[in-house]
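Chain by chain, the residues run as shown.
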Amino acid sequence: MGKTVSGSDMPCPSHHPDEGLVMDYATGAACEAGSLILASHMTLCPRCRSLAEACDVVGGSLLAEIEPEPVSKRCLLAVLAGIGDRRGAASDPARPRPPADIVLPAPLRNHLGTDLNGVAWRRVMPGIEEAHVPTCGGRFKGRLMRIAAGVAVPRHTHDGVEMTLVLAGGFSDEHGRYYRGDLSVSGPEIDHAPVVDADGECVCFVATDGPMKLTGPVARLFSRFIRF
Amino acid sequence: MPPMWRMSWLVGGLLMPLNGAMSDIDASTPQAVDGDLPLSRLVQAVAESRDRSAFASLFAYFAPRIKAYLMRGGADAATAEEIVQEVMIAIWRRAETFDAAQATVSTWVFTIARNKRIDLLRRERRAEVDPDDPALVPAPEELADVRIAAGQDAGRLQAAMRGLPEEQHELLRMAYFDDKPHSAIAEASGLPLGTVKSRIRLALARLRKEMKVEH
Ligand SMILES: [Zn+2]
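Owing to the predicted nature of the structure, the values given are computational and were not obtained by experimental measurement. Per chain, residues are indexed from 1 in the order of the written sequence. In the order they appear in the text, chains get letters beginning with A and ligands get numbers beginning with 1. Totals for whole chains, interfaces and linings use every residue, but because this is a predicted model, local features are given only for residues with pLDDT of at least 70 and side-chain atom pairs only at 80 or more, for both listing and counting. No hydrogens and no water enter the side-chain calculation; it runs on all heavy atoms of the structure.

Undergrad: In this structure, what is going on with the overall build of chain B? I would like to understand it.
TA: Where helices and strands are cited, they refer to DSSP runs of H or I of at least four residues and of E of at least two residues respectively, numbered from the N terminus. In terms of helices and strands, chain B carries 10 helices and zero strands. Shown N-terminal to C-terminal, the secondary structure of chain B runs as helices and strands in the order α-α-α-α-α-α-α-α-α-α. Partly exposed describes any residue whose relative accessible area lies between the buried limit of under 20% and the exposed limit of over 50%, with all areas from a 1.4 Å probe on protein chains only and scaled to the type maximum. Expressed as a percentage of its 215 residues, the buried residues of chain B come to 51%. Of the contacts made within chain B by residues no fewer than 6 positions apart, 66% connect residues no fewer than 24 positions apart. Computed with a 1.4 Å probe, the accessible areas rest on the Shrake-Rupley method; for each residue, only the protein chains presented here act as cover. Here chain B has roughly 10,000 Å² of accessible surface; of this, 55% comes from carbon and sulfur atoms. It only takes one pair of heavy atoms within 4.5 Å for two residues to be counted as in contact.

Undergrad: I tried to follow the overall build of chain A on my own but got confused; where do I start?
TA: Check the secondary structure of chain A and you find six helices and 11 strands. Burial status across chain A gives 60% buried among its 228 residues. Long-range pairs, those at least 24 residues apart, make up 68% of the contacts in chain A between residues at least 6 apart in sequence. Of the roughly 9,700 Å² of accessible surface on chain A, a fraction of 54% belongs to carbon and sulfur atoms.

Undergrad: Can you help me understand the pairing of strand β5 (residues 162–168) of chain A in this one?
TA: Along any regular strand, the residues point their side chains to alternate faces of the sheet. All names here are of chain A. Counting buried residues in β5 gives seven out of seven residues, a clear majority hidden from the surface. By definition, two strands form a pair when at least two bridges between them are found by DSSP. Pairing between β5 and strand β8 (residues 183–186): four bridges, direction antiparallel. Considered in β8, the bridge of Glu162 is made with Ser186. Pairing analysis gives six bridges linking β5 to strand β10 (residues 202–208), with the strands arranged antiparallel. Across the sheet, Val166 pairs through a bridge with Cys204, a residue of β10.

Undergrad: Any chance you could explain the interface of chain A and chain B here in plain terms?
TA: By a frequent convention, interface size equals the accessible area lost on bringing the separate parts together. On the chain B side, the residues contacting the 81 residues of chain A number 82 residues. Using a 1.4 Å probe, buried area is obtained as the accessible area two parts lose upon being combined, added over both of them. Of the roughly 7,200 Å² buried between chain A and chain B, counting both surfaces, carbon and sulfur atoms make up 63%. Among the residues chain A hides against chain B, the three largest losses belong to Leu63, Val71 and Lys73 of chain A. Together they make up 9% of the total. Throughout this description, the term salt bridge denotes a Lys or Arg side-chain nitrogen within 4 Å of a carboxyl oxygen of Asp or Glu. Our enumeration of links across chain A and chain B arrives at five salt bridges. The salt bridge involving Glu65 of chain A is made with Arg173 of chain B; its shortest N-O contact spans 3.8 Å. As used in this structure description, the phrase polar contact means that two N or O atoms lie within 3.5 Å; if the pair is within protein, one of them must be able to donate a hydrogen and the other to accept it, and residues adjacent in sequence are counted only when both atoms belong to side chains. Our count for the contact surface shared by chain A and chain B stands at 27 residue pairs in polar contact (both at pLDDT 80 or more). No other element matches the 18 residues that helix α3 (residues 46–65) of chain A contributes to the side of chain A that touches chain B. Amino acids outside the nonpolar list (Ala, Val, Leu, Ile, Met, Phe, Trp, Tyr, Cys, Pro) and the charged list (Asp, Glu, Lys, Arg) are all regarded as polar, and Gly is one of them. A breakdown of the residues in the side of chain A that touches chain B according to their chemical character gives 42 nonpolar, 19 polar and 20 charged.

Undergrad: What is the right way to read the sheet that holds strand β1 (residues 122–125) of chain A from this model?
TA: Note on sheets: strands pair through backbone hydrogen bonds, and any given pair is parallel or antiparallel. Residue and element names in this part refer to chain A. Taken in spatial order, the six strands line up as β1-β2-β3-β10-β5-β8 in an open sheet, and their pairing is antiparallel. For this open sheet the edge positions go to β1 and β8, each flanked by a neighbour on one side alone. Each strand axis lies, on average, 30° off the axis of its neighbour in the sheet, ignoring direction. For helices, the fitted axis covers only the stretch in contact; all axes are lines through C-alpha atoms, and the angles between them, taken along N-to-C directions, range from 0 to 180 degrees. Across the sheet, helix α2 (residues 32–44) lies against β2 (128–133), β3 (141–147), β5, β8 and β10, angled at about 40° from β5, the strand it touches most.

Undergrad: Can you help me understand the coordination of the zinc ion in this one?
TA: For a metal bound by four donors in tetrahedral geometry, the ideal donor-metal-donor angle is 109.5 degrees, whereas six donors in octahedral geometry ideally sit at 90 or 180 degrees. Surrounding the zinc ion are the protein donor atoms His16 of chain A (ND1), His41 of chain A (NE2), Cys45 of chain A (SG) and Cys48 of chain A (SG), at 2.0 to 2.3 Å. Because no water is among the atoms considered, metal sites can look incomplete, with donors defined as N, O and S atoms within 2.8 Å of the metal, or 3.2 Å for Na, K and Ca. Irregular is the default label, applied whenever a site is not tetrahedral (four donors, all angles between 85 and 135 degrees) and neither square planar nor octahedral (four or six donors, opposite donors over 155 degrees apart, all other angles between 65 and 115). Coordination at the zinc ion comes from four donor atoms whose angles at the metal span 98 to 123°, giving a geometry best classed as tetrahedral.

Undergrad: Hey, could you run me through the sheet that holds strand β7 (residues 176–179) of chain A in this one?
TA: Residue and element names in this part refer to chain A. Ordered by their spatial adjacency, three strands build an open sheet running β7-β6-β9, and the pairing between neighbours is antiparallel. The two strands at the open ends of the sheet, each matched to only one other strand, are β7 and β9 (195–196). Bridging between strand β6 (residues 170–173) and β9 involves two bridges; their strand directions are antiparallel. What sits directly across from Ser172, in β9, is Val195.

Undergrad: Honestly, the confidence of the model for chain B in this entry has me stumped. Any pointers?
TA: The predicted coordinates ought not to be read in detail in places where the model reports low pLDDT. Residues and elements named next belong to chain B. Confidence scores here are pLDDT values: one per residue, from the predictor, ranging 0 to 100. Taken as a whole, chain B shows an average pLDDT of 81; of its residues, 75% reach a score of 70 or greater. Across chain B, the element-wise mean pLDDT spans from 41 in helix α1 (residues 9–15) up to 97 in helix α4 (residues 77–94). Low confidence marks residues 1–36, where pLDDT is under 50. Its contacts with residues over four positions away, or in another chain, come to 59 contacts. This complex was scored by the predictor with a pTM of 0.85 and an ipTM of 0.85.

Undergrad: Sorry, what's going on with a negative patch on the surface here?
TA: All names here are of chain B. In this scheme, patches are assembled from residues that exceed 30% relative accessible area and form no salt bridge. Like charges are connected within 9 Å, while nonpolar side chains (Val, Leu, Ile, Met, Phe, Trp, Tyr) are connected within 5 Å. We score Asp and Glu as negative and Lys and Arg as positive, and we do not count His or the chain ends. To locate a charge, take NZ of a lysine, CZ of an arginine, CG of an aspartate or CD of a glutamate. Together, Asp76, Glu82, Glu86 and Asp119 make up a negatively charged patch on the protein surface. The topology assignment puts Glu86 in helix α4. Take Glu86: its relative accessible area is 37%, and that puts it in the partly exposed class.

Undergrad: Any chance you could explain the pairing of β7 of chain A here in plain terms?
TA: On β7 of chain A, burial follows the alternation: Gly176 and Tyr178 of chain A on one face are buried, whereas Arg177 and Tyr179 of chain A on the facing-out side are not. The turn joining β6 of chain A and β7 of chain A, which pair antiparallel and follow one another in sequence, is formed by two residues.

Undergrad: How do you make sense of the packing of aromatic side chains when you look at a structure like this?
TA: Residues and elements named next belong to chain B. Whether two aromatic rings pair depends on their centres lying within 6.5 Å, for rings of Phe, Tyr and Trp, where Trp uses its six-membered ring; planes under 30 degrees apart make the pair stacked, over 60 edge-to-face, and the rest tilted. Inspection of the entire model under this criterion finds seven aromatic pairs over all chains. Summarising the aromatic geometry, the rings of Phe55 and Trp92 are spaced 5.2 Å apart at their centres and angled 75° between planes, so their arrangement reads as edge-to-face. Of this pair, Phe55 sits in helix α3 (residues 52–72) while Trp92 sits in helix α4, and the two are 37 residues apart along the sequence. With a centroid separation of 6.0 Å and 75° between ring planes, the pair formed by Tyr69 and Phe110 is classed as edge-to-face. Of this pair, Tyr69 sits in helix α3 while Phe110 sits in helix α5 (residues 105–121), placing them 41 residues apart in sequence. Here the two residues Tyr69 and Phe110 agree in accessibility, since each one is buried. Three or more aromatic residues joined by ring pairs form one cluster here, namely Tyr69, Phe110, Tyr176 and Phe177. Cation over ring: Arg65 sits above Tyr61, and NZ or CZ is 3.9 Å from the ring centre. To sit over a ring, a charge needs its Lys NZ or Arg CZ within 6 Å of the ring centre and within 35 degrees of the ring normal.

If you want it as structure tokens, here you go:
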């Protein structure tokens, strides 16, 4: 596996979601898989994290200026009964700190209940493995992909949007080079054939909202094996 | 000297048993302006001494707003009030975790209400960044410089919000209140996705300028 540096010596990623996607995360409109990939990117990207914080401030301002809706007394009484005299919940018991060499950002790690070493991979074709990341409803479906060094993913496009977050290693396509923390977003207009760097395997979290369509000459061959 | 808000008509009115209309709370109530000390002092009073009258004032200010927020998001009045209860109870329990240096009370309450809406109305989980995650890449110096200013700038931000072109302001309200991703807003409003994206970009750029700490 490639270097999976985590923490402070990581540079800021250079490929980001656009403002609309970050705002969807802040407004809460992003679906579960969408929030997973955005929160994972933000763990690795202080720039987008700061934008999302700013979006929360905007939400606070909008809440302050909303036209209020009268609330029944019953609601207040229920709340006063609900709070009792109890003090606030004690702060969370100290959780064991995960080791510093973890690969998955906390949102994914918590969702899966494991770091990368506990993921059950399924082989989809030589050099490419995937693991379904179950989420509740929503627009996007998520999965982890592990692709061996130097492997070229068959040329494809999408009916909808594909978001790919690099977690280890790197890949490139016609549009750029992607490393840990980089988020590549491609719409239906983008037809690409990513190639994993030669110096190590690449692990990505991918969220898609439409089936992938193979477009290259090997399409017919591979579409029998690949199940996206 | 008792703090101002103790004498507020809100508190007296709210703690009175079931007579008189419990009206919606007038946003113009002078002491109920976020960004001024009072709201964060109320939270502090709850955190430090479980002050029920301070909490009632928070209820008077926020519950009608949270209810309106939830109804805009598609909840009926009864469901909205049930979720209001959950949000207000969370405010009571988590008051200690509120940090006035990090956020305004309105921002803090918005995030709680948003998360309860996802949890209880949509029955989904929202992934959150964990600030203690060893994988977290810390903000470099130049980003730390543009840290969002806390409480004292809320008024400035609200003024900037009112100064936005109406189509941008309205787009923000739709995005935050209607529980629709921006792509769905584009579809619903018949605007090209590119127009929606550029309005969002312009609005956020303008508002973020107001959030930056001046040196
Ligand atoms: Zn980013």
